[in-house]
Amino acid sequence: MTDIASNPGVLDDVVSAFQIEGLPVRGRVVRLGAAVDEVLTRHDYPEPVANLLGEACALAALVGSSLKFEGRLIIQAQGDGPVRYVVVDYDTSGGLRGYCRFDPEEVAKVSEGFARPGAKTLLGGGVFIMTLDQGPDMDRYQGVTPIEGETLALCAEQYFQQSEQTPTRVRLAVGQVDTGEGPKWRAGGILIQVIAGDQARGDTQDAWTHVQALFETTGEDELIDPTVPTATLLWRLFNEDGVRLLDEKPLRAFCRCSEERIGVVLDSFSAEEVADMVEPDGKIHVTCEYCSRVYKLDAPEVADS
């Protein structure tokens with residue numbers, strides 16, 4: 001546990017847990033720089049789609065960093081709108097990867113106005129899903145709620161309220177910032193939750209109302225500002241009560257794709273199906289949806305694997 005006044009905090013690619021002094025409210029803050037820039041620049045997405053994926057990365061880090069086991073958190077939303085699907089995979093070592101599927105013409109159409117389209121406009125009617133994967137020896141846990149509200153933050157709040165009965169507030173921000181090396185993508189987010197009242201704590205509603213009022217003053221520009229450390233941001237919000245950093249976890253862009261994994265997938269196809277995949281150069285081309293890396297495998301090796 002660190003006194004926030006004496007610790008400026010790590011600036012980028014870290015998610016930090018915090019506790020409001022003397023109040024039953026805890027939270028986490030995520031600041032993403034190079035990690036989210038790498039994820040988003042791997043895909044040449046239109047700005048609204050890149051923004052949606054960046055928000056999903058920040059949300060996955062906020063939620064996934066609280067897991068007490070080694071495994072993965074998968075956040076996804078799918079609907080009938082211009083963006084059919086957005087998914088982010090967070091593993092408990094701090095790795096992030098993600099991608100979207102969308103109709104470019106439909107995205108362009110909903111992006112014609114002055115306001116940037118949010119999650120509800122992009123995804124349409126559909127579902128928001130969180131999946132916990134604790135490894136091959138454990139069953140996956142999956143929670144599903146309808147997409148409600150215009151932002152992924154509101155989708156997450158609704159999820160925690162319905163699936164876990166935990167009052168939660170979330171704020172997410174994504175944007176491009178020129179730090180002297182050209183525009184770079186940045187993302188940030190903050191999440192707070194109230195600890196349920198009991199005989200020892202008593203009613204926690206007044207404390208929750210108080211902290212939410214402070215939380216509402218969070219500016220999206222602050223969440224992605226490269227000159228504002230996490231500790232400074234938290235001090236601006238909660239210095240009235242005091243706030244402490246509990247721990248910090250590093251984050252990075254990371255994909256688990258490999259030739260070996262692709263070979264396993266291709267083994268599930270028949271020889272005829274594999275032959276149909278061969279390109280004019282005599283190789284099979286496979287593009288990872290998560291990181292856009294293109295693998296070129298020799299067809300005879302695939303057929304014999």
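From a predicted model like this one, the values you see are computed outputs, not experimental measurements.

S.K.: Explanation requested: the side chain of Asp 89 in the structure shown.
M.R.: Looking at the secondary structure, you find Asp 89 in strand 5 (residues 83-91). Within the structure, the side chain of Asp 89 is placed 2.6 Å from the side chain of Arg 72, a separation counted as a polar contact. Polar side-chain contacts of Asp 89 include one of 2.5 Å to the side chain of Arg 256. The residues touching Asp 89, leaving out its near neighbours within four places in the chain, are Arg 72, Leu 73, Ile 74, Gly 95, Leu 96, Arg 97, Arg 256 and Tyr 290.

S.K.: I'm lost on the state of the cysteines in this one. Help?
M.R.: Each disulfide consists of a covalent bond between the sulfur atoms of two cysteine residues. Under the defined criterion, the tally for this structure stands at zero disulfides. The thiol of Cys 257 is not disulfide-bonded; the next cysteine sulfur, from Cys 291, is found 3.6 Å away.

S.K.: How should I be thinking about the packing of helix 2 (residues 47-64) against helix 5 (residues 152-163) in this particular structure?
M.R.: Pairs of packed helices are described in terms of their axes, by the angle between the two and the distance that separates them. Their axes nearest at 10 Å, the elements helix 2 and helix 5 cross at an angle of 35°. As for how helix 2 packs across helix 5, the hand of that crossing is right-handed. For the pair helix 2 and helix 5, contact is made by Leu 52, Glu 55, Ala 56, Leu 59 and Val 63 and by Leu 152, Ala 156 and Phe 160, respectively. Considering only residue class, the contact of helix 2 with helix 5 consists of seven nonpolar, no polar and one charged.

S.K.: What exactly am I supposed to notice about the environment of Phe 102 here?
M.R.: In this fold, Phe 102 is placed in strand 6 (residues 95-102). Each C-alpha atom, one on Phe 102 and one on Leu 123, is 9.1 Å from the other, the two residues being 21 residues apart in sequence. Not counting chain neighbours up to four residues away, the residues in contact with Phe 102 comprise Tyr 45, Pro 46, Val 49, Pro 82, Val 83, Arg 84 and Val 107.

S.K.: Explain the pattern of salt bridges to me, please; I cannot follow it from the model alone.
M.R.: Two side chains with opposite charge may pair up if their charged atoms get near one another. Using the criterion set out here, one finds 15 salt bridges in the structure. A salt bridge links Arg 72 to Asp 133, with the nearest nitrogen and oxygen atoms 3.1 Å apart. Of this pair, Arg 72 sits in strand 4 (residues 72-79) while Asp 133 sits in strand 7 (residues 126-133); the two residues are 61 residues apart in sequence, bridging distant segments of the chain. For the pair formed by Arg 72 and Asp 133, the shared burial category is buried. Across the salt bridge formed by Arg 101 and Glu 289, the nearest N and O atoms sit 3.0 Å from each other.

Conventions used here
Residues numbered from 1 in each chain as written. Predicted model: local features only at pLDDT ≥ 70, side-chain atom pairs only at ≥ 80, totals over all residues. Heavy atoms only, no water. Helix = DSSP H or I, 4+ residues; strand = E, 2+ residues; numbered from the N terminus. Polar contact = N/O pair within 3.5 Å; in protein donor to acceptor, adjacent residues only side chain to side chain. Contact = heavy atoms within 4.5 Å. Disulfide = S-S within 2.5 Å. Axes fitted to C-alpha atoms, helices over the stretch in contact; angles between N-to-C directions. Left-handed = near helix turned anticlockwise from the far one by under 90°. Nonpolar A, V, L, I, M, F, W, Y, C, P; charged D, E, K, R; others polar. Salt bridge = Lys/Arg side-chain N within 4 Å of Asp/Glu carboxyl O. Buried < 20%, exposed > 50% of the residue type's maximum accessible area, 1.4 Å probe, protein only.

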